[in-house]
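Working through the structure, step by step
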Amino acid sequence: MNVEYEEFSSISDIFSYMAAVMPPMKNTMPINYYKGYVFAFIPLTHNGGDVYLMIYTKSDLDGRILEFDINANSYKKVSAIERADKTYFVVISPKRNTIADEAIKKLG
């Protein structure tokens, strides 16, 4: 697996990026929180290749569902996905993630 990296200054910047590349009519996406990193992997090859872009920032993330307002560039923890005009991120915090472990190791 080949990983390219794009580092962001804040979680809001990652959410803005993800909202911009999100498929139309979809307002819910997963985001990973693992070992002090908030990140997502985006495939760069769509024909079965193994090249991914890891967008990330080193930060803490609290909450299971986060509502993101792209206009205000802010997010907040919510208990449910309720509004079609907002983007939601479901925080995934795995106990172990071998792909992320390899990618994080290469950051160092």
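Residues numbered from 1 in each chain as written. Predicted model: local features only at pLDDT ≥ 70, side-chain atom pairs only at ≥ 80, totals over all residues. Heavy atoms only, no water.

Let's talk about the overall build of the protein chain
Along the backbone of the protein chain there are 2 helices and 7 strands. Written out in order from the N terminus, the α and β elements of the protein chain read β-α-β-β-β-β-β-β-α. On C-alpha atoms alone, the protein chain measures out to a radius of gyration of 14 Å, which is about the 13 Å that the 2.2 N^0.38 rule sets for 108 residues. Projecting the C-alpha coordinates of the protein chain onto the three principal axes gives extents of approximately 35 × 30 × 25 Å. (Helix = DSSP H or I, 4+ residues; strand = E, 2+ residues; numbered from the N terminus. Rg over C-alpha atoms; globule rule 2.2 N^0.38 Å.)

Points about the environment of Ala 19
For Ala 19, the position within the fold is in helix α1 (residues 11-21). Among residues more than four places away in sequence, those in contact with Ala 19 are Phe 68, Ile 70, Thr 87 and Phe 89. (Contact = heavy atoms within 4.5 Å.)

Focus on the nonpolar core
One finds Ile 14, Phe 15, Met 18, Ile 31, Ile 55, Leu 61 and Phe 89 to be the most contacted residues of the largest nonpolar core, which totals 19 residues. Every element with two or more residues in this core is listed here: α1, β2 (28-34), β3 (37-43), β4 (51-58), β5 (65-69) and β7 (87-92). Among the elements that take part in this core, α1 stands out by supplying 5 residues, more than any other. Beyond its immediate stretch of four places on either side in the chain, Phe 89 contacts Phe 15, Met 18, Ala 19, Met 29, Pro 30, Ile 31, Arg 64, Ile 65, Leu 66 and Phe 68. Formed by 9 residues, the second largest nonpolar core is a distinct cluster that contains Tyr 34, Phe 39, Met 54 and Ala 100. (Core = buried A, V, L, I, M, F, W, Y, C linked by side-chain atoms within 4.5 Å. Buried < 20%, exposed > 50% of the residue type's maximum accessible area, 1.4 Å probe, protein only.)

Some remarks on helix α2 (residues 98-107)
Listed in full, the buried residues belonging to α2 are Ala 100, Ala 103 and Ile 104. One side of α2 holds all its buried residues, which, seen down the axis, span an arc of 100°. More than 90 degrees from the buried face of α2, the exposed residues found are Lys 105 and Lys 106. The backbone nitrogen of Ile 99 lies 3.2 Å from a side-chain oxygen of the residue at the head of α2, namely Asn 97. (Arc of directions from axis to C-beta. Polar contact = N/O pair within 3.5 Å; in protein donor to acceptor, adjacent residues only side chain to side chain.)

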